[in-house]
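Chain and residue survey
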Amino acid sequence: MKRILLLPILALCLFIGTAPVASAASFEPTAITVQGDEDADTEEAVDATEDGASEDADPSLMDDPVGEVTNMVEKAKNWAIESGPALLLKIAIFLAILLAAKIASKIAGGIVNKAMNASKLKVSDLLKKFAVNTVTKIVFFLGLLFALENIGVNTGPILAAFGVVGFVIGFALQDTMGNFAAGIMILLYRPYDVGQVVNAGGVTGKVQDMSLVSTIMLTPDNQTIIVPNGGIWGGTITNITANATRRVDLTAGIGYGDDIPKAEALLMKICTDHELVLADPAPVVKVHELGDSSVNFVVRPWSKTGDYWAVYWDLTKSIKMEFDKAGISIPFPQRDVHVHNVANG
């Protein structure tokens, strides 16, 4: 009986005694299996990295420039297909706005020109030209900014850059800015206009054109001279053709032994008989000076400004010829030399 009871107890002890051994034996292969999987994954990752590196460093691609060019061409084609139409549309819009701005600037300049011509104020041609050019350029510049904004360009930095560049240029070109300011003063005060003959800045000539920094003159011998406005405004300006009429100043001398009234009447007749000499104001002929060798008359007829030199040259020739006919001498400078004999000793 005791043996029968001991059998279950012995079996339970054997089970308990063998359970840890079995557990250890069962878990050990599992741990080895997991470790084996991790090593396999690691080996696969290393193999994949090596394969990627080998693909990146494929000598067939590195040594094939044609393939690279083909790849770039394909990329360019894809970009052109995807972005080309939008880019062409933007370019077309930009050019259309620029064309419209150009037309609008011309129209604005024409309006300003007509307004100045219809104005009762006396506006010089120089000021008209300056105003028309300024309005035309401003309208076109605004159109350019609008076109850039339309295609997505931010014009804020551009305007800021213009301001900085303008400050630097203004500081570096102080003399030019002085000429610019002088040009503004000339436009406002209008001492001369295009087509007039002036003596300014040390140059005598006909004003051909003017900008804000310089004036272009054509001299009588057909030379074109560009004079800075600063030199003109800072000096004396003589407008030779500003008025419709001019006085012709001549000097005629006769000998001390000649008849003064006869010479005076003859000079007056020479002036009044010339067709280009104006009757009003009347010519002036007066004894002006008792010179060293002659009695000098001033002869001052008036003519139209455009006839000045014709009258000057004609009267000079006529005075000589008429004096010769009348027996009136035109003395030249003379000097008497007296020689005295000094006795020796």
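Right above here is the structure, for reference.
1. So, helix α4 (residues 125–150)
For α4, with 26 residues, the first-to-last C-alpha span of 38 Å sits near the 38 Å given by 1.5 Å per residue. When we look at burial in α4, the residues that qualify are L126, K128, A131, V132, T136, G143, L145, A147 and L148. G152 sits one or two residues past α4 and shows a positive phi near 95°.

2. A short note on the nonpolar core
Ranked by size, the top nonpolar core spans 20 residues in total, and within it I254, L267, V299, L315, I319 and F323 carry the most contacts. Counting residues per element, the ones that place at least two in this core are β7 (250–254), α8 (260–273), β9 (295–300) and α9 (308–326). Apart from residues lying up to four places away in sequence, V299 is in contact with V248, D249, L250, A252, L267, C271, V284 and V285. Listed in part, the 13 residues of the second largest apolar core include L126, L187, A200 and I232.

3. Here we look at the packing of helix α3 (residues 65–118) against α4
Their axes nearest at 8 Å, the elements α3 and α4 cross at an angle of 155°. It follows from the interaxial angle that α3 and α4 lie roughly antiparallel. The crossing of α3 and α4 is right-handed.

4. A word on the pairing of strand β1 (residues 197–200)
Of the two faces of β1, the one lined by V198 and A200 is fully buried and the one lined by V197 and N199 carries no buried residue. By the bridge criterion, 4 bridges tie β1 to strand β2 (residues 203–210) in an arrangement that is antiparallel. By the bridge assignment, A200 is partnered in β2 with V203. Following β1, the chain reverses through 2 residues before pairing antiparallel with β2; G201 in that reversal takes a positive phi of roughly 65°. Both β1 and strand β5 (residues 238–239) contribute to a ladder of 2 bridges, which runs antiparallel. Residue V198 lies in a different strand from β5, and its bridge partner there is N239.

5. Structural notes on the packing of aromatic side chains
Going through the model one piece at a time under the given rule, you end up with 5 aromatic pairs. Aromatic ring contacts, followed pair by pair, group Y308, W309, Y312 and W313 into a single cluster. The side chain of K102 reaches across the aromatic face of F140, ending 5.7 Å from its centre. Above the face of the Y308 ring, R246 is positioned so that its terminal group lies 3.9 Å from the ring centre.

6. Considering the sheet that holds strand β4 (residues 224–228)
With respect to topology, 5 strands assemble into an open sheet ordered β4-β3-β2-β1-β5, the strand pairing being antiparallel. Single-partner strands in this sheet number two, and they are β4 and β5.

7. Brief notes about unusual backbone geometry
It is generally the case that most residues other than glycine have a negative phi and that most peptide bonds are trans. At the junction of D280 and P281, the peptide bond is cis and its omega measures out at 0° in the coordinates. Tracing the chain through its elements places P281 in the loop between α8 and β8 (284–290). Despite not being glycine, R190 shows a phi value in the positive range, around 50°. Along the chain, R190 falls in the loop between α6 (174–189) and β1.

Procedures and definitions
- Residues numbered from 1 in each chain as written.
- Predicted model: local features only at pLDDT ≥ 70, side-chain atom pairs only at ≥ 80, totals over all residues.
- Heavy atoms only, no water.
- Helix = DSSP H or I, 4+ residues; strand = E, 2+ residues; numbered from the N terminus.
- Expected span 1.5 Å × (residues − 1).
- Buried < 20%, exposed > 50% of the residue type's maximum accessible area, 1.4 Å probe, protein only.
- Core = buried A, V, L, I, M, F, W, Y, C linked by side-chain atoms within 4.5 Å.
- Contact = heavy atoms within 4.5 Å.
- Axes fitted to C-alpha atoms, helices over the stretch in contact; angles between N-to-C directions.
- Parallel < 35°, antiparallel > 145°, perpendicular 65-115°, else oblique.
- Left-handed = near helix turned anticlockwise from the far one by under 90°.
- Pairing = 2+ DSSP bridges.
- Phe/Tyr/Trp six-rings, centres within 6.5 Å; stacked < 30°, edge-to-face > 60°.
- Lys NZ or Arg CZ within 6 Å of the ring centre and 35° of its normal.

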